[in-house]
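# A closer look at the structure
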Amino acid sequence: MTALSVRQVRFRYLTLYGLRWLPSGLMIPVMILLMQERGLSLSQIGLVFTAQGLVVLALELPTGGLADALGRKLVLLAAWVVCLASLALMAVADSFWMFFLVWALQGVYRALDSGPLESWYVDATLAADPAAEYERGLGWAGTVVGVAIGAGALLSGGLVALGPVGPISALTLPVLVAIVLQAVSIVALLALLVERRPASGTATLRASVVEAPRMVGRAVGLLRRNRVLLALVAVELFWGFGMVTFESLLPVRLSEVVGDADRAAALLGPAGSAAWLANAAGAALTPFLLRRLGAAPAAALMRILQGATVVGMGLLAGPVGVLVAYLACYAVHGASNPLHMGLLHRQVDGPYRTSVLSLNSMMAGAAGALGAVVLTALADATSVAVAMLVGAVTLAVAAPLYLPAWRAGRTAAGGPTAPVGGPTGPVGDPSGTEGGPVGAGAVAGVPTPETSAVAGVADRPA
């Protein structure tokens, strides 16, 4: 097969990315209600969710290393097959332990799925054109995910309104449709994702499994040698902690200003769909922000603006003010993700790309868990508004961590801060701490590839 062009790579990436998130939109509105319908209490639902979190925490880094060593397509295929199995089990689950297994499988899926598709897109784009600006595709992916989740949610609502169908309950219908879409996604993955690997077979599989932990260790080692990469990964600590404000505390805050929990829940339905569309709109602004400000300054500005929107959610009176701030927060969030991920990719060469993405994701997850404990306890001890203000400050103070990336960009472009002779270190040079990505050349003997939820229902799109 002839090599793909940049446009073909982007089209295939966006198609697969949309298919990956469309069933998530179907599941988000009904997953808790379905478990309640099958007899689980809210406390039991909280416990089954922990299965996913524990599995992701255990497997996030090993699966990232496996994708870098074995190949992105095989790991993605395994992830999407596991997701199909979890959805099939969800369709018939009727006990606590069955749902616990559903969410454990979702954890395996999320860990395997975290990073390989995006890594393939970046590496395939650079293989087609080393000077290509893949950040535009990452921005469009944010738009695609917002539209896909919003469309899935609308379809889910329509299916529930049509149900039940014979013995199938109304809340089960979206699960069945999600199963069909997941099967379609697997077929599309096999057809669209092209990855050439230098070797194959049982021996290669064994070697890849052995190599995966080493890839993880080397990816962690990159953080010690590259101040830019370390700062970018550190952003996720603040980001993950602060996201608790608009992902978990917003419903409680809205209930406070409305004065009625049922009315607040009714408002959150359409507000949630609108938030994903705002997320898509924000992601669509990525090319404009890149042109006008540059990646690092724009990313830093988004951190400050997102903190400001959370302040609005915490202080504005009345449901209209809170919801406007909520929509603005998601619009900023949509613009932030592709900017941050684009900067991250610029610091890593192909062999370690997925491992570093897994590190980045793991930092956000760990910080999010800490934020959920700290901010909810603070809300109980003081007020929801105070907790949201603390989260807002946490989001905003991450902005200076983009300064190393900004300086590195100016150095690489030969700006005023560039030393004679160019960047601090050449690409792949382990001595480079700011200038270029550390990757393929950092460790001798590491081979470089030639070209290189669907229902993650509790997932956050990157």
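Residues numbered from 1 in each chain as written. Predicted model: local features only at pLDDT ≥ 70, side-chain atom pairs only at ≥ 80, totals over all residues. Heavy atoms only, no water.

## Remarks on the overall build of the protein chain
Tallying secondary structure elements over the protein chain gives 18 helices and zero strands in all. About 18200 Å² of surface is accessible on the protein chain, with carbon and sulfur atoms providing 70% of the total. (Helix = DSSP H or I, 4+ residues; strand = E, 2+ residues; numbered from the N terminus. Areas by Shrake-Rupley, 256 points an atom, 1.4 Å probe, with all protein chains shown as cover.)

## Concerning the packing of aromatic side chains
With the rule as written, the count across this model stands at eight aromatic pairs. Ring geometry for Y13 versus Y121: centroids 4.3 Å apart, planes at 10 degrees, classification stacked. With Y13 in helix α1 (residues 6–27) and Y121 in helix α6 (residues 116–128), this residue pair connects regions lying 108 residues apart in the sequence. The exposure class assigned to Y13 is buried, which follows from its relative accessible area of 1%. Judged by centre distance (5.6 Å) and plane angle (80 degrees), the ring pair of F246 and Y330 falls under edge-to-face. Of the two residues, F246 is situated in helix α11 (residues 244–258) and Y330 in helix α15 (residues 319–346); the sequence distance between them amounts to 84 residues. One exposure class covers both F246 and Y330, and it is buried. An aromatic cluster of at least three residues, connected via ring pairs, comprises F246, W276, Y326 and Y330. (Phe/Tyr/Trp six-rings, centres within 6.5 Å; stacked < 30°, edge-to-face > 60°. Buried < 20%, exposed > 50% of the residue type's maximum accessible area, 1.4 Å probe, protein only.)

## A word on the packing of helix α4 (residues 72–92) against helix α5 (residues 96–113)
Following both chains from N to C, one finds α4 and α5 inclined at 160 degrees, their axes separated by 8 Å at the closest point. If you check the angle between α4 and α5, you find them roughly antiparallel. As α4 runs across α5, the sense of the crossing is left-handed. Contacts between α4 and α5 involve V75, L76, A78, A79, W80, V82, C83, S86, L89, M90 and V92 on the former and, on the latter, M98, F99, L101, V102, W103, L105, Q106, V108, Y109, L112 and D113. Residues that form the contact of α4 with α5 fall into these classes: 19 nonpolar, two polar and one charged. (Axes fitted to C-alpha atoms, helices over the stretch in contact; angles between N-to-C directions. Parallel < 35°, antiparallel > 145°, perpendicular 65-115°, else oblique. Left-handed = near helix turned anticlockwise from the far one by under 90°. Contact = heavy atoms within 4.5 Å. Nonpolar A, V, L, I, M, F, W, Y, C, P; charged D, E, K, R; others polar.)

## Quick look at the side chain of S336
Position of S336 relative to the elements: it lies in helix α15. In contact with S336, other than residues within four places in its own chain, are W239, M302 and R303.

## Some points on a nonpolar patch on the surface
Together, L293, L301 and L305 make up an exposed nonpolar region whose accessible area comes to about 220 Å². Secondary-structure assignment places L301 in helix α14 (residues 295–315). On the basis of relative accessibility, which here comes to 34%, the residue L301 falls in the partly exposed class. (Patch = residues over 30% accessible without salt bridge, like charges linked within 9 Å, V, L, I, M, F, W, Y side chains within 5 Å. Salt bridge = Lys/Arg side-chain N within 4 Å of Asp/Glu carboxyl O.)

## Details of the confidence of the model for the protein chain
When pLDDT is averaged along the protein chain, the result is 78, and 78% of the positions lie at 70 or above. Within the protein chain, no element has a lower average pLDDT than helix α9 (residues 202–225), which sits at 62, and none a higher one than helix α8 (residues 173–192), at 95. (pLDDT = per-residue confidence, 0-100.)

## Regarding the environment of A104
Inspection of the secondary structure puts A104 in helix α5. In this structure, the C-alpha to C-alpha distance between A104 and G53, residues 51 residues apart in sequence, is 8.3 Å. Excluding anything up to four places from it in sequence, A104 contacts A51, Q52 and V55.

## Section: the side chain of R10
Within the secondary structure layout, R10 lies in helix α1. We classify R10 as buried; its relative accessible area is 19%. The contact partners of R10, leaving out residues within four places of it in the chain, are Y121, G137 and W140.

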